[in-house]
Amino acid sequence: MADSEWRLEEDGQLKLDVKCNSLIYHPNLNIILVLTKSSEVLVVDVNSGILLQRSLLSESDTPIHGQYLSGYDKILLANDKGIGVRSDYNGVLLLDTILQTPITKPDDIVKLEIPLSEAHILKQTLECMDLQGVERVGYKGSEVIEELSNKIKEADAKSKKGLKAQKWNTVCLCVSYSALKWVCGGMVSELRRQNRHTPALSAASAISDRLNWLLDAAAPGSAPPPPLSAASTSDAATPPPPPDRTLMFSEAIRRQTFANWPHMNYKWALPDQMAQAGFYHQPNSAGDDRAMCFTCIVCLVCWEPTDEPWSEHERHSPSCPFVKGEYTQNVPLSVTYATAPAIVTPAPTTLLATSSVPELTATAAANKSIVE
């Protein structure tokens, strides 16, 4: 649909040429989400009336229900298969994949939605990087490069006018999970080997983190997630296994390691602040408050009540790329919230409602069950 078909007739009145099911207003982004009867979601800029994005969330005419969660600044959408909740990704909602549920096999096809600017960065980096087998026909890398090239070409041909509209330019790749995992993992390894702290390092790491959440840990052939902290099933006589350091580039995963953090009464050195500052909890005989950085491997123990994580990190490791603000593998919690997969529901959601508890949303399912 051309942008000209969406226009403000007069102040406060917007012309709609679709069969509208419901409207959702997002105050912080100043956009309207139009949920149609054909399982589409259209994003309209309130100021200009321009169509920013159009997402088909289902091949069938399955009703899409949704609401804005004001207390968390997130959008909740639900259909007959799952419920997706996402915040914005640098001012953009990645709606093409909001209802994508976890897969069960590494060879399954997945959808990966990224801003057009990141797609260009990934493509340029892949083309100039010597990853074994990337450009050979039949190897997984060629699948990703070809899909990137095609989707970038399509998006560039439909370039939008205006800064906000250009920001909403995204591409949605459809490739196998294993191909994406192989290419992004190889890119991160090669950039780290070359000690190149570039935007491609952050972009590839964010995709790797998204893929980690997208593969169902209970799926056949997949390994269960490693114990992340002392909150495992081990008893007092058996020390808990250390967290998997290869996963600590994710702030969300780092935050999970602080389940048994001994200083919950401290002013600054609390789980959220520690994870934001790049630390993960790895207690051992040296101390039950031992914390390590995911990048520079600085190891700090004996935290004081007034210690501030960022200050201590900088004081003990001033050359750490993360502390210096360089591009690293770090995936902020906000990115995880903006790209998280949907939750599978046992029955199709037919109604969304508010709850007396701010943290909960009541849903009614087709099997007459009510879940919060």
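Provided above is the structure to which this section pertains.
Model, not experiment: these values are computed from the prediction.

Peer 1: Is there a simple way to think about the sheet that holds strand S5 (residues 40-45) in this case?
Peer 2: Across a sheet, strands are paired by hydrogen bonds formed along the backbone, either parallel or antiparallel in direction. Pairing within the open sheet is antiparallel, and its four strands lie in the order S3-S4-S5-S6. Pairing within the sheet leaves two strands with one partner each, and these edge strands are strand S3 (20-26) and strand S6 (51-56). With direction set aside, neighbouring strand axes in the sheet form an average angle of 15 degrees.

Peer 1: It is not clear to me how the sheet that holds strand S14 (residues 299-300) should be interpreted in this structure. Could you clarify?
Peer 2: Taken together, the three strands give an open sheet; going across it, the order is S12-S13-S14, and neighbouring strands pair in antiparallel fashion. Where the open sheet ends on each side, the last strands, each with one partner, are strand S12 (279-281) and S14. Here strand S13 (residues 291-293) runs beside S14; their pairing, made up of two bridges, is antiparallel. In the strand pairing of S14, Ala-291 is matched with Leu-300.

Peer 1: I would appreciate a short explanation of the side chain of Asn-30 in the present structure.
Peer 2: With respect to the secondary-structure elements, Asn-30 resides in the loop between S3 and strand S4 (31-36). Asn-30 has contacts with Tyr-25, Val-44, Asp-45, Val-46, Asn-47 and Lys-164, leaving out every residue within four places of it along the chain.

Peer 1: Please clarify how the pairing of S5 should be interpreted in this entry.
Peer 2: Along a regular strand, successive side chains alternate from one face of the sheet to the other. Most of S5 is tucked away: six of the six residues are buried. Here S5 shows a buried face lined by Glu-40, Leu-42 and Val-44 and a second buried face lined by Val-41, Val-43 and Asp-45. The pairing of S4 with S5 spans five bridges and is antiparallel. Counterpart to Val-34 in the pairing with S5 is Leu-42. Direction of pairing for S5 relative to S6: antiparallel, over a ladder of five bridges. Bridge pairing in S6 links Val-44 to Leu-51. Counting the residues in the hairpin turn of S5 and S6 gives five residues, including Gly-49, whose phi is positive at 80 degrees.

Peer 1: Explain the nonpolar core to me, please; I cannot follow it from the model alone.
Peer 2: General note: in soluble globular proteins, nonpolar side chains tend to be found buried as a group. Leu-33, Leu-77, Phe-279 and Trp-303 are the most contacted members of the largest nonpolar core, which has 47 residues in total. Excluding its chain neighbours within four sequence positions, the residues that come into contact with Leu-33 are Ser-22, Leu-23, Ile-24, Val-41, Leu-42, Val-43, Ile-75, Leu-93 and Leu-95. Formed by 33 residues, the second largest nonpolar core is a distinct cluster that contains Leu-112, Val-171, Cys-184 and Leu-215.

Peer 1: Explain the pattern of salt bridges to me, please; I cannot follow it from the model alone.
Peer 2: Two side chains bearing opposite charge may form a pair once their charged atoms approach each other closely. Using the criterion set out here, one finds nine salt bridges in the structure. For Lys-164, the salt bridge identified is with Asp-45, shortest N-O distance 2.8 Å. Here Lys-164, found in helix H3 (residues 163-167), pairs with Asp-45, found in strand S5; they are 119 residues apart in sequence, far enough to count as distant.

Peer 1: Even after reading the chapter, I still don't get unusual backbone geometry, so can you show me in this structure?
Peer 2: As a rule of thumb, non-glycine residues mostly have phi less than zero, and peptide bonds are mostly trans rather than cis. In this structure, Asn-30 is a non-glycine residue whose phi angle is positive, near 55 degrees. Taking relative accessible area as the criterion, Asn-30 reaches 19% and is therefore assigned buried. One non-glycine residue, Asn-90, lies in positive phi territory at about 55 degrees. You can see Asn-90 is positioned in the loop between strand S9 (82-86) and strand S10 (109-115).

Peer 1: Honestly, helix H1 (residues 116-128) in this entry has me stumped. Any pointers?
Peer 2: Because each turn of an α-helix spans 3.6 residues, side chains separated by three or four positions in sequence point in the same direction. With 13 residues, H1 extends 19 Å between its outermost C-alpha atoms, agreeing within 8% with the 18 Å of an ideal straight helix rising 1.5 Å per residue. Regarding H1, the residues found buried are Leu-116, Glu-118, Ala-119, Leu-122, Thr-125 and Leu-126.

Peer 1: How do you make sense of the packing of aromatic side chains when you look at a structure like this?
Peer 2: What describes a pair of aromatic rings is the distance from one ring centre to the other and the angle between the planes of the rings. One pass over the structure, following the stated rule, counts five aromatic pairs. Relative to Phe-322, the ring of Phe-294 lies with its centre 5.2 Å away and its plane at 70 degrees, an arrangement referred to as edge-to-face. Of the two residues, Phe-294 sits in the loop between S13 and S14 while Phe-322 sits in the loop between helix H8 (309-316) and helix H9 (333-339), which places them 28 residues apart along the sequence. On the accessibility criterion, Phe-294 (8% relative accessible area) is buried. An aromatic cluster is defined as three or more aromatic residues linked by ring pairs; in this entry it consists of Phe-258, Trp-261, Phe-279 and Trp-303. Between Lys-74 and the ring centre of Tyr-337, over which it is positioned, the NZ or CZ distance is 3.8 Å.

Rules and cut-offs
- Residues numbered from 1 in each chain as written.
- Predicted model: local features only at pLDDT ≥ 70, side-chain atom pairs only at ≥ 80, totals over all residues.
- Heavy atoms only, no water.
- Pairing = 2+ DSSP bridges.
- Helix = DSSP H or I, 4+ residues; strand = E, 2+ residues; numbered from the N terminus.
- Axes fitted to C-alpha atoms, helices over the stretch in contact; angles between N-to-C directions.
- Contact = heavy atoms within 4.5 Å.
- Buried < 20%, exposed > 50% of the residue type's maximum accessible area, 1.4 Å probe, protein only.
- Core = buried A, V, L, I, M, F, W, Y, C linked by side-chain atoms within 4.5 Å.
- Salt bridge = Lys/Arg side-chain N within 4 Å of Asp/Glu carboxyl O.
- Expected span 1.5 Å × (residues − 1).
- Phe/Tyr/Trp six-rings, centres within 6.5 Å; stacked < 30°, edge-to-face > 60°.
- Lys NZ or Arg CZ within 6 Å of the ring centre and 35° of its normal.

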